[in-house]
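One-letter residues, chain by chain:
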Amino acid sequence: LFDQEIHLHQQGDLPGAERLYQQALLLEPKSFAPRHMLGVMRFQQGRLGEAASLIESALALNPQVAAAWTHLGNVQNAAGRLDEAANAYGRALALQPEDAALMGALVTVLWNGGRHDEALAAMDRLVIMDKGVIVEDGTHRELLDKGGLYASLWQRQSGGFLLEEEDLEAAE
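These numbers come from a predicted model, not from an experiment. (Residues numbered from 1 in each chain as written. Predicted model: local features only at pLDDT ≥ 70, side-chain atom pairs only at ≥ 80, totals over all residues. Heavy atoms only, no water.)

Draft legend 1. Spotlight on the confidence of the model for the chain. For the chain, the average pLDDT comes to 88, and 91% of its residues sit at 70 or higher. Between the elements of the chain, mean pLDDT differs from a low of 47, seen in helix α11 (residues 165-171), to a high of 98, seen in helix α4 (residues 48-61). Overall, residues 160-168 carries pLDDT values under 50, and its contacts beyond four positions in sequence, including any with other chains, amount to 4 contacts. (pLDDT = per-residue confidence, 0-100. Helix = DSSP H or I, 4+ residues; strand = E, 2+ residues; numbered from the N terminus. Contact = heavy atoms within 4.5 Å.)

Shown next, in the form of structure tokens:
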């Protein structure tokens, strides 16, 4: 039944897939997969509240599925709940730490939520380029400790001011 559900969902037959997801939940109310996928479908339909509720209830049944945490993060992000999205992406990364796209989603939601220090700290490696040439690379902490271009740019940004264009030209 689940293979049929997924096939219909992937083919874009949302009413058919929904019918089978609902049928599966009637047969096995504690089933993770149809609950999770019905939540994904609700997300695709823009029904964010229902999507979050369904995915959260699926995760209550099995919190060890990284994809479900990722989907919950996507729902929370779309709903503008950036802290909740960051939490969900963090839970997914704990289960699947090598997932670069997921790390990108976490960093983006942290950054968009104004949590710049956390976003930078979450990155494994930053590459700093100046006029098309790599001049530094490392983690946020390593680059700050080096005291180079990245550190000076970070100091200006985190200090809450930007130099005027003339000051920048004079500094070069």
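There is more to say, and it comes next.
Draft legend 2. Focus on a nonpolar patch on the surface. On the surface, V127, M129 and I134 cluster together into a nonpolar patch covering about 290 Å² of accessible area. Secondary-structure assignment places V127 in strand β1 (residues 126-130). Judged by relative accessible area, which is 40%, V127 ranks as partly exposed. (Patch = residues over 30% accessible without salt bridge, like charges linked within 9 Å, V, L, I, M, F, W, Y side chains within 5 Å. Areas by Shrake-Rupley, 256 points an atom, 1.4 Å probe, with all protein chains shown as cover. Salt bridge = Lys/Arg side-chain N within 4 Å of Asp/Glu carboxyl O. Buried < 20%, exposed > 50% of the residue type's maximum accessible area, 1.4 Å probe, protein only.)

Draft legend 3. How the structure looks around the pairing of β1. Taken together, the 5 bridges between β1 and strand β2 (residues 133-138) define a ladder with antiparallel strand orientation. Bridging across to β2, D130 finds its partner in V133. Taking the residues that link successive antiparallel strands as the turn, the β1-β2 hairpin has 2 residues, and the phi of K131 there is positive, at about 55°. (Pairing = 2+ DSSP bridges.)

Draft legend 4. Structural context of the environment of D13. With respect to the helices and strands, the residue D13 is situated in the loop between α1 (2-10) and α2 (14-27). Taking the relative accessible area as the measure of exposure, D13 reaches 32% and is therefore partly exposed. From its side chain, D13 meets the backbone nitrogen of G16 in a polar contact 2.9 Å long. (Polar contact = N/O pair within 3.5 Å; in protein donor to acceptor, adjacent residues only side chain to side chain.)

Draft legend 5. Quick look at the packing of α4 against helix α5 (residues 66-78). One can describe the packing of α4 onto α5 by two numbers: an axis separation of 10 Å at closest approach and a directional angle of 155°. Overall, the two elements α4 and α5 adopt an arrangement that is roughly antiparallel. Of the two elements, α4 crosses α5, and the hand of that crossing is left-handed. Judged by residue contacts, L48, A51, A52, I55, E56 and L59 of α4 engage A68, W69, H71, L72, V75, Q76 and A78 from α5. Looking at the contact of α4 with α5 residue by residue, the class counts come to 10 nonpolar, 2 polar and 1 charged. (Axes fitted to C-alpha atoms, helices over the stretch in contact; angles between N-to-C directions. Parallel < 35°, antiparallel > 145°, perpendicular 65-115°, else oblique. Left-handed = near helix turned anticlockwise from the far one by under 90°. Nonpolar A, V, L, I, M, F, W, Y, C, P; charged D, E, K, R; others polar.)

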